[in-house]
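Here is how the chains run, residue by residue.
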Amino acid sequence: MLGLAAAVALWAVFPLYSAGNWAGVGAVVAVTGLIFYVYLSKRAVPAKYLVPGTLFLVAFQIIPVLYTLSTSVTNYSDGHRGTKEEAVEQIEASSVQRSPDSTSYTLTVAARGSAPGGELVFLLTAPDGSAYAGDAQGLQPLPGATVTPSGKITAAPGYTVLPPSQANARSEEITGLAVPSGSGTGIRSSGFSTAYEGRSTLTYDAGCDCITDAETGRVYTADDERGAFVADNGDRLPQGWRVGVGMANFARFLTDPDIRSSFLGILTWNIAFAAGTTAMVFALGLCVALTLHTREHFTGRTAYRLLVVLPYAMPSFAMFLLWRSMFNSDFGLLNRMLGLDTDWFGEPWTARAAVLIVNIWLGFPYMFLVATGALQSIPRELVQAARIDGAGAWQAFRQVTLPLLMVAMAPILVATFAFNFNNFNAVWLTTEGGPFPTDNPMAGATDLLITYTYRLAFGASGAQYGYAAALSVFIFLIVTVMSVVSLRRSASLEEVHR
Amino acid sequence: MARSAAAKAPARHGRAHPLSLWARRTGWRHLVMLVFLVFALFPILFVVSAALNPLGTLSSSTLVPRSAGLQNFLQLLGGTHFGRWYANSLLIAMANAAATVFLSALAAYVFSRFRFAGRRLGLYGLLVIQMFPQFLAIVAIYLMFSTVSDYWPAVGFNTPWGLMLVYLGGALSINTWLMKGFFDTIPAALDESAQVDGATHAQAFFRIMLPLVTPVLAVVGLLVFIATVNEFLIASVFLRDPEAKTVAVGLYGMVADQRDANFGMFSAGTLLLAVPVLSVFWFLQRYIAEGLTSGAVKG
């Protein structure tokens, strides 16, 4: 056990050491030291059992959560990614104009890594034949590249050369990429096979902390609160940098009227969706469980059981996609079978109903399993005693079985609610949050907070990480409060206090 | 009371209304179950029929197959990386389920049997941290693994091991609660007496406790297995190489833009993926009801 830890530590330290990353080496040494201490000391028995899981928990849950918290108070988004220096370099490089004495490079468009979807990189061959790799951070020598006599690079270690079709698909990115190559100069593409180095028309002056446009003479002054260069008339340059904005992201929920109304709408539907799903799967699952729960001989009980849990055992992501296809308005199964012409995902209420049906279909077998287990654990004598005392079947169920059942199932119901509150797949793989009102492409009728957040963070209209992080903190608070309150009320946490 | 007395009366006197008796006792149960089965099974029937549909398009698929053939399966196995995706999915899901069960059982044992400073905080903390939608931290995880990929490509992007590390971050979770509840139902006298007899705490855990809590281990393993097979979002960020994908990522890519045309292959892939899930389910089903609720009932 300790030998294994030492071996992993050695393996982990080596690349860090050779790269000179001393903070990384320190972290590995500290963690290894902790492991050795815990397992060599005779005391701290609980720690011996907790350390392995906790290490993973800290590394891959807590640190990302803390990072998200710290992002939520910044303006981290497209155009506000890096430091101010990087922003200045980018501004200067992207304003590069071609002049008659510009150096020309032979350009090969490539992606970083082994897949063509990676970060865009320019592989450049200078007139003297030397090869470079350039991205938004700058220019680096490129050793080991295979260069044809015409200057084209056909292969380079660590990069994937994009075939023309791929390059074509990313042409906007290619036109937009500017490689800083020195102070006031940058390299831009001209078509897919040549690039030129030129002088920028926008130059930074550290004295006034401003950027001057040589062509128009306009001056953009750095605004360190907003992380952007702003001109007198309010125009700002597209490239900014990342700054702290305090609680501004959180205040947007309350102050921005557009966001506030769509946010409240989404929150309402989100609660209705989670509560509706939980209530319906509980009702259906319990109904099936009660139907099969009898002491009398019941032919086919096992067969029914197995068949009814089939939806739960099917891969759920595929089932969402399947249902999406079944609801398809043109050639979906439902419309064809029922002879309807309903555009299920086109109207808010049919789309909501569709999402609920799909989610209930997937969820009720699990609830059936749990309810069966809970029913079996309730002593029959209790129900019999109630019946002897004169209670009817419904009364006995209502007064004896159901309360006992609720005690057993409350934690599972709360967990179901919390899970469905953030059930990303259920919405994203079916409606993708749509249909969208014509005036607001960001908030759809079936959007949950989590799909809405996802669209903000990774959607097509530019990434707004800071705002998305604030939203996820908010979701976190809502779910936590609701779960803790309801769990406390169900008193199932009593054991913790023992 | 009156109703059930009436129901019993004919049986007692042996009078001949066997059909109405059957209808009253179990017939309605069959009727109710039939309705539920139709609801539960018709989408599955549709997948089967679409997978066998030789044309392989959504618009030509019907609930009951008009003709059957294995073209979709052959095309899926021959024309795509499905074999690799399948192996990746199973490897990741099984390894993750095993590791999660182990890590979680270790923690649950401590929470159930030991009293130490920070125990309550730890238990509540586990519950609360899980409420944070992990994939929204994906920006952080992405940046983290960009660095990891540079230093240790063996656990970086496009490897099953890197993805597993991230999944293991969720090893201690609501599952630990589930296990702890079950551990609590095992009398402490059992492992205490073993320790009195000279067993170490590790021996008490591995030799006495683990065999007694098999149902809950099986259930947690099953839940984690199913969740991992279905995990789509983090996997889609992690696995970009066509050969490194899992079935979830691969099949999604298949129907994302070509939904109608690839529908047959998609259905075939779904059925193939359902096979291991169903077999795990089959083997573990006798534990499921017991493992899920006995911890909670005790409350």
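Residues numbered from 1 in each chain as written. Chains lettered and ligands numbered in written order. Predicted model: local features only at pLDDT ≥ 70, side-chain atom pairs only at ≥ 80, totals over all residues. Heavy atoms only, no water.

Undergrad: I keep staring at the overall build of chain B and nothing clicks. Help me out?
TA: Across its full length, chain B holds 14 helices and 0 strands. Mapped in sequence order, the helices and strands of chain B form the string α-α-α-α-α-α-α-α-α-α-α-α-α-α. Counting only residues that meet the buried cut, chain B has 54% of its 299 residues in that class. Looking at chain B alone, contacts between residues at least 24 apart form 71% of all its contacts between residues at least 6 apart. Put simply, chain B shows about 12,900 Å² of open surface, and 67% of that area lies on carbon and sulfur atoms. (Helix = DSSP H or I, 4+ residues; strand = E, 2+ residues; numbered from the N terminus. Buried < 20%, exposed > 50% of the residue type's maximum accessible area, 1.4 Å probe, protein only. Contact = heavy atoms within 4.5 Å. Areas by Shrake-Rupley, 256 points an atom, 1.4 Å probe, with all protein chains shown as cover.)

Undergrad: Help me understand a negative patch on the surface, please; the structure alone is not making it clear to me.
TA: Together, D330(A), D341(A), D343(A) and E347(A) line one region of the surface with negative charge. Tracing the backbone through its elements, the reader meets D343(A) in the loop between α12 (333-338) and α13 (348-377). (Patch = residues over 30% accessible without salt bridge, like charges linked within 9 Å, V, L, I, M, F, W, Y side chains within 5 Å. Salt bridge = Lys/Arg side-chain N within 4 Å of Asp/Glu carboxyl O. Lys, Arg positive; Asp, Glu negative; His and termini not counted. Charge placed at Lys NZ, Arg CZ, Asp CG, Glu CD.)

Undergrad: Can you walk me through the interface of chain B and chain A in this structure?
TA: A common way to state how big an interface is: give the accessible area lost once the parts meet. On the side of chain A, 104 residues touch chain B, which itself brings 108 residues to the contact. Taken over both partners, the interface formed by chain B and chain A buries close to 9,800 Å², and the fraction arising from carbon and sulfur atoms is 76%. In terms of surface lost to chain A, no three residues of chain B exceed M131(B), F132(B) and Y151(B), which account for 7% of the buried area on that side. In this structure, the connection of chain B to chain A is made through 0 salt bridges. (Buried area = accessible area lost by both parts, 1.4 Å probe.)

Undergrad: Help me understand the domain arrangement of chain B, please; the structure alone is not making it clear to me.
TA: Residues and elements named next belong to chain B. When the domains of chain B are assigned, the result is domain 1 (2-73) and domain 2 (79-298). Across the contact, 12 residues belong to domain 1 and 12 residues belong to domain 2. In this assembly, domain 1 packs against domain 2 so that about 910 Å² is buried in total across both faces, 75% of it on carbon and sulfur atoms. Joining domain 1 to domain 2, the criterion identifies 0 residue pairs in polar contact (both at pLDDT 80 or more). For the side of domain 1 that touches domain 2, the element with the highest residue contribution is helix α2 (residues 18-52), accounting for 5 residues. Taken together, the residues that form the side of domain 1 that touches domain 2 break down as 7 nonpolar, 5 polar and no charged. (Domains from an automatic or database assignment. Polar contact = N/O pair within 3.5 Å; in protein donor to acceptor, adjacent residues only side chain to side chain. Nonpolar A, V, L, I, M, F, W, Y, C, P; charged D, E, K, R; others polar.)

Undergrad: Would you take a moment to explain the domain arrangement of chain A for this structure?
TA: The domains assigned to chain A are domain 1 (2-71), domain 2 (96-200) and domain 3 (257-497). A straight line from the C-alpha centre of domain 2 of chain A to that of domain 3 of chain A covers 51 Å.

Undergrad: In this structure, what is going on with helix α6 (residues 138-151) of chain B? I would like to understand it.
TA: Every α-helix carries 3.6 residues per turn, so stepping three or four residues along brings you back to the same face. If you check α6(B), its first and last C-alpha atoms are 20 Å apart, about what 14 residues at 1.5 Å a residue would give, namely 20 Å. Among all positions of α6(B), only I138(B), V139(B), A140(B), I141(B), F145(B), V148(B), S149(B) and Y151(B) are buried. (Expected span 1.5 Å × (residues − 1).)

Undergrad: Could you clarify how one ought to interpret the nonpolar core in this entry?
TA: Nonpolar side chains in soluble globular proteins tend to end up buried together. Grouped together as the largest cluster of nonpolar side chains are 168 residues, with contacts concentrated most on M409(A), F421(A), M179(B), F183(B) and F205(B). With residues near it in sequence (within four places) discarded, F205(B) still touches Y49(A), A105(B), L106(B), Y109(B), F183(B) and L210(B). The next biggest cluster of nonpolar side chains, apart from the first, holds 29 residues, and it includes F60(A), F145(B), Y151(B) and V166(B). (Core = buried A, V, L, I, M, F, W, Y, C linked by side-chain atoms within 4.5 Å.)

Undergrad: Any chance you could explain the pairing of strand β12 (residues 202-205) of chain A here in plain terms?
TA: Residues and elements named next belong to chain A. Taken together, the 4 bridges between β12 and strand β13 (residues 210-213) define a ladder with antiparallel strand orientation. Considered in β13, the bridge of L202 is made with D213. Between β12 and β13, which pair antiparallel and follow one another directly, the connecting turn spans 4 residues, one of which, D209, has a positive phi of 55°. (Pairing = 2+ DSSP bridges.)

Undergrad: Is there a simple way to think about the packing of α13(A) against helix α15 (residues 393-421) of chain A in this case?
TA: For any two helices packed against each other, the geometry comes down to the angle between their axes and how far apart the axes lie. All names here are of chain A. Between α13 and α15, the least distance of the axes is 10 Å, while the angle of their chain directions is 145°. Where α13 crosses over α15, the handedness of that crossing is right-handed. The residues of α15 that touch α13, namely those facing N359, Y366, M367, V370, A371, A374 and L375, are T401, L405, A408, M409, I412, L413, T416 and N420. Taken together, the residues of the contact of α13 with α15 break down into 11 nonpolar, 4 polar and no charged. (Axes fitted to C-alpha atoms, helices over the stretch in contact; angles between N-to-C directions. Left-handed = near helix turned anticlockwise from the far one by under 90°.)

Undergrad: Is there a simple way to think about the sheet that holds β13(A) in this case?
TA: Residue and element names in this part refer to chain A. In spatial order, the strands read β12-β13-β14-β15; together these 4 strands make up an open sheet with antiparallel pairing. The open sheet has two free edges, formed respectively by β12 and β15 (228-231), since each of these has just one partner strand. Direction aside, neighbouring strands of the sheet carry axes that sit 30° apart on average. In the packing of helix α4 (residues 84-94) onto the sheet, the strands contacted are β12, β13, β14 (219-223) and β15, and the crossing angle to β12 comes to about 150°.

Undergrad: Even after reading the chapter, I still don't get the environment of Q90(A), so can you show me in this structure?
TA: Residues and elements named next belong to chain A. With respect to the helices, strands and loops of the structure, Q90 is situated in helix α4. Q90 sits in the buried class, given a relative accessible area of 16%. Not counting the four nearest positions on each side in its chain, Q90 is found in contact with A136, A178, P180 and Q239.

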